[in-house]
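# Architecture at a glance
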Amino acid sequence: MKQSKNNMVGKWVRGLLLTLSLFNPFTFLPLTAQVYLDESKSLEQRAEDALQRMTLDEKIAIIHAQSKFSAPGVKRLGIPDMWTDDGPHGVRPDVLWDEWEQAGQTNDSCVAFPALTCLAATWNPQMARIYGESLGEEALYRGKAMILGPGVNINRTPLNGRNFEYMGEDPWLASRMVVPYVQGLQSKGVAACVKHYALNNDEEYRHQVNVIVSDRALREIYLPAFEAAVREGGAWAIMGAYNLYKNQHDCHNSILLNQILKQEWGFDGVVVSDWGGTHDMDEAVRNGLDMEFGTWTDGLTMGATNAYDNYYLAEAYKKAIQEGRYTTKELDEKVRRVLRLHFRTTMNRQRPYGFLCSESHYEAARKIAGEGIVLLKNEQHVLPIQQNAKVLVVGENAIKMMTVGGGSSSLKVQREVLPLDGLLSQLCSLEGSGGGSYARGYVGDTVQSYNGVTVGRSIAESRTPAELRAEAVEKAKQADVVIVFGGLNKADYQDCEGHDRQQYELPYEQNELIEALVKVNKNIVFVNISGNAVAMPWIDKVPAVVQGWFLGSESGNALADVLTGRVNPSGKLPFTWFRQLSDVPAHSLGAYPGTWREGHDVIDEEYKEDIFVGYRWADLSAKQKKELMNAHHSPLTTHPSPLFPFGYGLSYTSFKLGKVTSSTQQLTPNSPITFTVEVTNDGKVAGAETVQLYVGPAKVSASRPVKELKAFQKVWLEPGETKTVTLTVNRESLSVWDEAASKWTVIPGSYRAYIGTSSKTNISHKFELL
Ligand code: BGC
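Residues numbered from 1 in each chain as written. Predicted model: local features only at pLDDT ≥ 70, side-chain atom pairs only at ≥ 80, totals over all residues. Heavy atoms only, no water.

### Considering the overall build of the protein
Condition: Each helix corresponds to a stretch of at least 4 residues labelled H or I by DSSP, and each strand to a stretch of at least 2 residues labelled E; elements are numbered beginning at the N terminus. Note on exposure labels: buried denotes an accessible area under 20% of the residue type's maximum, exposed denotes more than 50%, and partly exposed covers the range between, all computed with a 1.4 Å probe on protein chains only. In this analysis, two residues are considered to be in contact whenever any of their non-hydrogen atoms come within 4.5 Å of each other. Exposure was quantified through the Shrake-Rupley algorithm and a 1.4 Å probe, taking into account, for residues, occlusion by the shown protein chains and nothing else. Neither His nor the chain termini are counted; the positive set is Lys and Arg, and the negative set is Asp and Glu. Lysine's charge is taken at NZ, arginine's at CZ, aspartate's at CG and glutamate's at CD.
Summing up its helical and strand segments, the protein has 21 helices and 30 strands in all. By residue count, 60% of the 770 residues in the protein fall in the buried class. A separation of at least 24 residues holds for 75% of the contacts in the protein among residues at least 6 apart in sequence. Approximately 28,700 Å² of the protein is accessible, and the part contributed by carbon and sulfur atoms is 52%. If the 79 positive side-chain charges of the protein are averaged to one point and the 89 negative ones to another, these points end up 4 Å apart.

### Describing the packing of aromatic side chains
Short version of the rule: Ring pairs shown here join Phe, Tyr and Trp side chains whose ring centres sit within 6.5 Å, with only the six-membered ring taken for Trp; geometry is labelled stacked below 30 degrees between planes, edge-to-face above 60, and tilted in between. Counted as over-ring charges are cases with an Arg CZ or a Lys NZ within 6 Å of the ring centre that also lie within 35 degrees of the ring normal.
One pass over the full model with this rule turns up 26 aromatic pairs. Taking 6.0 Å as the distance between ring centres and 65° as the angle between the ring planes, the aromatic pair formed by Tyr197 and Trp265 counts as edge-to-face. Of this pair, Tyr197 sits in strand E4 (residues 191-197) while Trp265 sits in the loop between helix H9 (254-264) and strand E9 (270-272), and the two are 68 residues apart along the sequence. Measuring from centroid to centroid gives 6.1 Å for Tyr442 and Tyr508, while their planes differ by 10°, and the two rings are stacked. Of this pair, Tyr442 sits in the loop between strand E12 (438-439) and strand E13 (449-450) while Tyr508 is found in the loop between strand E15 (481-487) and helix H17 (510-520), placing the two residues 66 residues apart along the sequence. According to the relative accessible area criterion, Tyr442 is buried, its value standing at 2%. Residue class for Tyr508 comes out partly exposed when judged on its relative accessible area of 24%. Taken together, the ring pairs in this structure connect Trp123, Tyr615, Phe646, Tyr694 and Phe712 into an aromatic cluster. A cation over an aromatic ring shows up here: Lys490 above the ring of Phe550, its NZ or CZ 4.7 Å from the ring centre. The ring centre of Tyr754 lies 5.9 Å from the NZ or CZ of Lys707, which sits over that ring.

### Overview of empty space enclosed by the protein
Over the atoms, a rolling probe the size of a water molecule traces out where space has been left empty. The condition is simple: Both cavities and pockets are sets of points on a 1 Å grid over the protein atoms alone; in a cavity a 1.4 Å probe fits but cannot get out, in a pocket the set is open with protein on both sides within 12 Å along at least five of seven lines, and lining residues sit with an atom within 4 Å of a point. Grid points are joined across faces, edges and corners, and a volume is the space filled by probe spheres set on the points. Residue polarity is assigned by list, with Asp, Glu, Lys and Arg as charged and Ala, Val, Leu, Ile, Met, Phe, Trp, Tyr, Cys and Pro as nonpolar; anything else, Gly included, falls into the polar class.
A complete count under the given rule lists 5 cavities of 30 Å³ or more for this structure. If you add up the space inside the largest cavity, you get close to 80 Å³. In this structure, the largest cavity is lined by 13 residues; those nearest its centre are His89, Phe113, Met402, Thr403 and Lys490. Tallied by class, the residues present in the lining of the largest cavity amount to 8 nonpolar, 4 polar and 1 charged.

### Some remarks on the sheet that holds strand E22 (residues 666-667)
Worth spelling out the cut-off: Paired strands, as defined in this entry, are two strands with at least two bridges between them according to DSSP.
The sheet built from 5 strands is open, its strands ordered E22-E30-E29-E24-E25 with mixed pairing. The sheet is open, and its two borders are formed by E22 and strand E25 (708-717), each paired with just one other strand. In this structure, strand E24 (residues 687-697) lies alongside strand E29 (residues 749-756), joined through 6 bridges in antiparallel fashion. Looking at E29, one finds that Val695 is bridged to Ala753.

### As for the site of the ligand
So the rule is basically this: Proximity is defined per residue: if any heavy atom of the residue lies within 4 Å of a molecule or strand, that residue is considered near it. Within 3.5 Å is the distance limit for a polar contact, defined as a pair of N or O atoms, with the added protein rule that one can donate a hydrogen and the other accept it, and that residues adjacent in sequence qualify only through two side-chain atoms.
Taken together, 14 residues sit near the ligand, with Asp86, Arg162, His196, Tyr242 and Asp274 positioned nearest. In this structure, Arg92 approaches the ligand through a side-chain N or O atom, which is 3.1 Å from an oxygen atom. Within the side chain of Arg162, one N or O atom sits 2.8 Å away from an oxygen atom of the ligand.

### Points about the layout of surface pockets
Empty space within the largest pocket amounts to approximately 650 Å³. Lining the largest pocket are 26 residues; nearest its centre among them are Trp172, Pro224, Glu732, Ser733 and Trp744. Listing elements by their share of the lining of the largest pocket, those giving two or more residues are helix H6 (171-186), helix H8 (224-231), E24 and E25.

### A look at the environment of Gly649
Within the element layout of this structure, Gly649 appears in the loop between helix H21 (622-631) and strand E20 (655-657). Residue Gly649 is classed as buried on the basis of its relative accessible area, which comes to 13%. The sequence separation of Gly649 and Val546 amounts to 103 residues, and the corresponding C-alpha distance is 9.4 Å.

### Side note on the confidence of the model for the protein
Where we set the bar: Values of pLDDT, ranging from 0 to 100, describe the predictor's confidence in every residue of the model.
Taken as a whole, the protein shows an average pLDDT of 93; of its residues, 94% reach a score of 70 or greater. Across residues 1-6, where pLDDT falls below 50, the model places 0 contacts with residues more than four positions away in sequence or in other chains. This stretch, residues 13-22, has a pLDDT under 50; its non-local contacts, to residues over four places away or in other chains, come to 5 contacts.

### Some remarks on the packing of helix H2 (residues 43-53) against helix H12 (residues 329-344)
So the rule is basically this: Axis definition: a line fitted to C-alpha atoms, over the contacting stretch in the case of helices. Angles run 0 to 180 degrees between N-to-C directions. Here roughly perpendicular refers to angles of 65 to 115 degrees, roughly parallel to angles under 35, roughly antiparallel to angles over 145, and oblique to all remaining angles. Each crossing gets its hand from how the near helix is turned against the far one by less than a right angle, where anticlockwise is left-handed and clockwise is right-handed.
At a closest axis distance of 9 Å, the pairing of H2 and H12 adopts a crossing angle of 120°. Relative to H12, the element H2 lies oblique. Regarding H2 and H12, the two cross each other, and that crossing is right-handed. In this structure, H2 uses Leu43, Glu44, Arg46, Ala47, Glu48, Ala50 and Leu51 to contact H12, whose residues at the interface are Asp332, Val335, Arg336, Leu339, Arg340, Phe343 and Arg344. Of the residues belonging to the contact of H2 with H12, the class tally is 7 nonpolar, no polar and 7 charged.

### Considerations on helix H5 (residues 125-141)
Which entries qualify depends on this criterion: Residue count minus one, scaled by 1.5 Å, sets the expected span of a helix.
Spanning 17 residues, H5 covers 25 Å between terminal C-alpha atoms, matching the ideal 24 Å at 1.5 Å per step. Listing the buried residues of H5 in full gives Met127, Ala128, Tyr131, Gly132, Ser134, Leu135, Gly136, Glu137, Glu138, Ala139 and Leu140. Considering only its buried residues, H5 is in contact with helix H4 (116-122), strand E3 (146-147), H6 and helix H13 (359-372). Phi turns positive, to about 75°, at Gly143, one or two residues after H5.

### Considering the pairing of strand E6 (residues 237-240)
Of the two faces of E6, the one carrying Ala237 and Met239 and the one carrying Ile238 and Gly240 are both buried. When E4 meets E6, the two strands line up parallel, connected through 3 bridges. In the sheet register, Val194 faces E6, and the bridge partner there is Ile238. Here E6 runs beside E9; their pairing, made up of 3 bridges, is parallel. Paired with Met239 across the strands is Val272, a residue of E9.

### A closer look at unusual backbone geometry
Note that the residue after Lys195, namely His196, is joined by a cis bond; omega there is -10°. Within the fold, His196 resides in strand E4. Following Tyr197, the chain continues to Ala198 via a peptide bond in cis, the omega torsion being 5°. Phi at Glu509 takes a positive value of approximately 60°, unusual for a residue other than glycine. Structurally, Glu509 can be placed in the loop between E15 and H17. Take Glu509: its relative accessible area is 34%, and that puts it in the partly exposed class. The backbone of Asp610 sits at a positive phi, close to 55°, despite the residue not being glycine.

### Some details on the pairing of E24
Each regular strand displays side chains that alternate between the two surfaces of the sheet. Where burial is concerned, most of E24 is hidden: 11 out of the 11 residues are buried. Summarising the sheet, E24 and E25 pair through 9 bridges and their orientation is antiparallel. When the sheet's bridge partners are listed, Tyr694 is paired in E25 with Leu709.

As structure tokens, then:
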């Protein structure tokens, strides 16, 4: 009897335990159905289900890194590890688990796509879509669930070492281009991690800069592209920037993350810290950071084995929860976001297969590059180069690989066609002259390696600058055309992460080289390889100038396509090309790089130019500029017009715009206004033109830009062909940020729409905004 009673109790206890095991230990909900694995269920249901199955340790584990580029999943639940990688122009080669050195994989040589300044210069959202899709396929092959890009920080100064990774100076252009990039990438089940949010507009002292900016400039200039990426593009992740805003680091900045990104924009994805951008546990817990990466980025400061446990969101946070300093409210919110990211990427069974270095990726890279190259000047039809012309190629950038270097966007490529090789393959006359048709001209940076990725071919050079110039000049005397490939490169203090450029002028005595060449040959073509504008004091003496960006794997082919006329250039500048640094608003006003705060390791950088960035500044009258400069005690007095305006770029054909008509004279809340204009290719070859629409108040005042880009469209036309372009503006897109009310508002009144093929246009059309 006793025994049977014991048996019964045992049975009862076993039954109870069994039943309990089917329930979540914290919530006592039944856990039999694995909802989190069921793709027919909503993301929220799946996240809640997974969350309830997870222990505290598991939750803590998935919100911080376990290696340089990964965070653990939950093996017990079949949630895989999360691997991420740079970004934004190709998938970065793998580094060792806890070191920056190369892992030495044989499957991580990728296709490098053109840097994002070039993508923006295509002014073609379709190119951004193809870019995102192709990159997504490469990422999938490489097992990366999230790409650390694209970057959409506004080009505020041409000294910023990372402008090449971004999409120019205009919030509208950057917004239109970032959305399809994000959508294309994510259509492959790979998350975009849009960076660097926010106000990371220069590199110098990037960890110490505290940006002081008006709410209006923040909203109207610096945030719109991020907002578009989140709201329209549906980005699944965003990366906090290194700098501070309102004295709080961006990676745990309550205004930027909690208030604006999550509350206002409804972002449901993951906020990832920039590598080493987390500085404070309490702020990281409360202010919206979801995943911590790269803290103590040498990986060793806290000891090789426990560095990751010592992250702000690791053991210390767990202990604080156990001690009751926090509930799991914040933690669960972070985990939910990370889980969503998993369901969208690593656990997404609908993901397609990946491809590495596929021909379609090379085609995409070449096409984007071809559409982004900008023809800045072409007098006497020096370009395109005729097949029988005797061509001399000069310059280090004709033979230098640009996919290696520049910081975290550095790549290891399967191939990179150099400009000289591209031209050799397309110009028979060049090939025939057997090496005699190239002269080095100058020496810049011969290092050619980054983080252990080394370019096979040496470009070491021992001759002096004078000797190199003399050789180039001698050869130039014999040539019909001289193509100089110069500009910047990806070395420190050039177009490179970590520092800014130290000068606006071309480095390495390139100006001396050009001045020497123009004396002996009238047909000089300067191809500027860079992500930034440079000073061109010799511009009046050089008949042809091409902006060649950093074009990635197909660089040489794409440049040769344009120089020989196989591709008719159609790129347009995504930034204003100022003549000299002192013409750039941030520099005119002495608002760069800021002022060190006494007794603190903080440099305050006040964006004194406010909303007047790039063409918004160039458009101001001399009087308005002077007033602003006086207000900021700037000693400068000159106000020359830019060398090349925003939105500018030539073609080998010419276009004519017809009369502009509008659908209505009044823009009301319910009906947008559409402008129609005919574009005719009245030249001899097929080509593309981008029609741009800017809007500004009819009565110009100091408080608003004269005009701002609000719509654009690129059209392809055969010779003699005419197409009708329609550009639509809705009322909301003309809102301004009302600082007092802290909201967007539309100011009714008379407005002018300016239509043209660059920001310098006189065609305007008046309408009323009701
Ligand atoms: C850069 C990020 C990059 C990260 C990881 C940081 O230094 O600022 O853009 O994604 O490193 O490489």
